[in-house]
Amino acid sequence: MAMVCLNLVIFGPAPLWILYIPFILQHVGIAVVLQKNLRNRPRIFYALSTTNALGLLWILVILWMGKPEMLISAILTELFAWAAVEFWFDRDQHYGIGLITTAIGLVTWSMVFPGALLTYHFWPGMSVNPEFWNIPKFCTAFGMILMVLDEDKHAARSFTEEYRLLFETNPHPLWIFDVRTLEILSVNQAALDKHGYAREEFLQLRLPDLIDPSVVAEYIGEVDIAHPKSNHASRHVCKDGRILPMDITAHDITFKGRPCRFVLAIDVTEREVLHQKLVQQERHDALTGLPNRLFFQERLAESVAHAVKAEETLAIICLKIDRFKRLNNTYGPNIGDRCLRQIAGLLSSRLRSDDILARTSGNEFSIVLCGLRNAAATKRVTDDLMTLFSQVLVVGGHNLEISASIGIAVCPDDGTAAVPLWRGAESALRHAQEMGGGRITWLGPELSSVSEQEVELESYMRSQLKDGGFYLVYQPLYRLDGAVHSCEALLRLNHPKYGSISPARFIPLAEESGLIVPLGDWVIEEVCRQLREWTARGMRLVPIALNVSSLQLIGGGFADHVMRTLRRFEIDPIWISLELTESAAMLDLEEISKQIEYLSAQGIRLSIDDFGTGYSSLSRLYQLPFSMLKVDRSFTQRLCNQDGTDSIVRAIIAMAKTFNMQVVAEGVEFEEQIRSLRELNCDYLQGFLLSRPVEPKLIPSLVEGIHPILSLDGSLGSRIPAAGSNQATCAVSDIRHTVTP
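Description of the overall build of the chain
- When its secondary structure is counted, the chain shows 27 helices and 21 strands.
- The buried share of the chain, taken over its 741 residues, is 46%.
- At a minimum sequence separation of 6, the contacts of the chain that also span at least 24 residues come to 65%.
- Accessible surface, the chain as shown: approximately 37,300 Å² in total, 57% of it carbon and sulfur.

Written out as structure tokens, the structure is:
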């Protein structure tokens, strides 16, 4: 409305009575707005209402006098008066000389126009210097400058107070020290509470007095760095001598005119405790609390290096409980675990504080005897250990008679390298078990050579896993009508020095060294890749069986990895079958059961391999989702012998049928075995008589054909493939060992 009035005055001409209307409406509107919004602030309400009324009165007088040219001066006067009132009553402004000067300048400025008009009206001949009318402008400008300066000063005081409050009340320890003298100049209450000092005591300290002597040099070295790094780990000493782990962040500042450093400290005691727990769990066995295989290897390397340097004798003892799986299956895993814990305690009580005891596998313990004068001292210790196992062990109300096998390697007699010595002791242990168990075997030249070969083979296996030296062959499983039902993937490895390496040799080594998991992952990937290739060639697909190690299942995550791989290669789970050995399937572990049931629910078939060689619990077998049972080849081989295994195989097949499981007979090598297996209602056959393991390129022709021996309608005739073909006719003494992916 003010702009409308101003335009009417400037761009007239217009009758004077027209100007009354907008000016009156404008001031009435202002009065209404003031009444509505400022009634709760009476001082500014009355000041602005008075200004509004006086402005309207002056405008009406000007219009009555018939001098519209004076309206512009009136409008400007009114605006400056309004500005003066707004400044004076502004809640956000700090009352000071700047605000007073600005308000006076604006009021004076608003009076310039009526003052000049009155002067010209009453003293028209009077000469006034134009600069005189600019005094209010300078007063207003000077007042505003003073206001800015006053605001900065007030903000600085406010910031200083806020900073002080933030410093004093911060929950984290804070302090400031002089970078030249290392004197503590300021400290907050949190730092005093953490370190246990009174403020006067803390301010009398120098920085080195707070730091653990073991890290003082490193910490003081940080002071000389222009831009110290954040989150610098440090160890502080409290007044009572406690060590306090802290993370330190420092910044360069100027404090009281001195170059200083502002320090923020965070107490990380809880993090350190958690870290120690995680390290403990990573390096120690959860069941017994002893060092695990990884930690034992580290400590063994240190001990061997020390023994070689000090020219001392050191012995590595590998001890394994004989027939522990039978004990576990008979009494249950709870008694088995308690038995292992009790044995660990007994072994610890027989050793010196300098010796090392670790649980390096399920029922195997490894011991390092340090600082021996000669190997004879080792014999006294091992004899004492064997005496320990000759006693009855009472566990959970059960009297357990257990025995142990021991393998020993001595440094420097058997070598001076940690890993070969350990491998040698494990080779001696295996030899003791092969001899019937319950005995002690020392590493000799022959076993030492075997141990060296194992170390060499393990290194070769690691390299070949990276370089693609492993490969798969496939052995068909046949239905009784001669058609291929499925194939079993078998892992193979050739060595440039030792030739073809038997899986019976490199699979246990892979399990001991931890290679079995990445090796198994590779097998799953390779089988999926091969299935996709066969699909692209239009081959009739059959399920592929993979053998699984219990170590893969215990580790967790195996089932998820299998399903991710199948999805990546777009393979339907029905084309994959997983085979577990009987002993692995009977492990009563929640994680294994969970993964087995998950894989079965996804459509993957599960089989029990080498059945009859373990110690099965029928209730356990019934609970798990297995669809196939494979009779171990040792039973098939003696099936047709006089006083052979006919009754055993008959019982196994009958039991499997009771559980709605299909049966595979492994190791079929004679026609008579096929006749007997037909009569026993066996479902599938596998063996060298029908087909040796073959390269992937030969599988399509086998899958599309019918086996000539089995196609004779049960008569079996005398037609047998010639020697050298894929179907061997003679009994083979070769031990078939499947891959454990």
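That shown, we press on.
Remarks on the packing of aromatic side chains
- On inspection of all chains with the given rule, the structure shows five aromatic pairs.
- Both rings, one in Tyr197 and one in Phe202, keep their centres 6.0 Å apart while their planes meet at 80°; by these two values the pair is edge-to-face. Comparing Tyr197 with Phe202, the two get one shared label, buried.
- Centroid distance Tyr474 to Trp534: 5.4 Å. Interplanar angle 65°. Geometry classified as edge-to-face.

Concerning the sheet that holds strand 4 (residues 243-255)
- In space, the five strands of this open sheet follow the order 2-1-5-4-3, with antiparallel pairing throughout. Among the strands making up the open sheet, the edge pair consists of strand 2 (184-187) and strand 3 (232-237). When the angles between neighbouring strand axes are averaged without regard to direction, this sheet yields 35°.
- Two elements, strand 3 and strand 4, share six bridges in a ladder whose sense is antiparallel.

A short note on the nonpolar core
- Among the nonpolar cores identified, the biggest contains 79 residues, and Val527 and Leu685 are the most heavily contacted of them.
- For this core, the element with the most residues is helix 18 (residues 516-536), which contributes eight residues.
- Excluding residues within four positions of it along the chain, Val527 makes contact with Leu472, Tyr474, Ala489, Ile544, Leu546 and Ile576.
- Within the second largest apolar cluster, 33 residues are counted, among which are Leu290, Ala315, Leu400 and Ile402.

Each value, and the rule that gives it
Counting starts from 1 at the beginning of each chain's written sequence and moves along it residue by residue. It should be noted that, the model being predicted, local features are given only for residues of pLDDT at least 70 and side-chain atom pairs only at 80 or more, the latter also being counted only at that level, while totals for whole chains, interfaces and linings use all residues. To get the side-chain values, all heavy atoms of the structure are used, and hydrogens and water are removed first. In this description a helix means any DSSP run of H or I spanning at least four residues, a strand means any run of E spanning at least two, and both kinds are numbered starting from the N terminus. Type-normalised accessible area, obtained with a 1.4 Å probe on protein chains alone, sets the label of each residue: buried when under 20%, exposed when over 50%, and partly exposed for intermediate values. Contacts: residue pairs with any heavy atoms within 4.5 Å of one another. Here the accessible surface of atoms and residues is derived via Shrake-Rupley with a 1.4 Å probe, and residues count as covered only by protein chains that are part of the display. Pairing of aromatic rings covers Phe, Tyr and the six-membered ring of Trp, with a centre-to-centre limit of 6.5 Å; geometry is then stacked below 30 degrees between planes, edge-to-face above 60, and tilted otherwise. In this scheme, strands are said to pair when DSSP sees at least two bridges between them. Here the axes come from fitting lines to C-alpha atoms, over the contacting stretch only for helices, and the angles between their N-to-C directions go from 0 to 180 degrees. The nonpolar core is taken to be a set of buried Ala, Val, Leu, Ile, Met, Phe, Trp, Tyr and Cys residues, with the residues joined through side-chain atoms within 4.5 Å.

Everything listed here is a matter of coordinates, which is why it stays silent on function.
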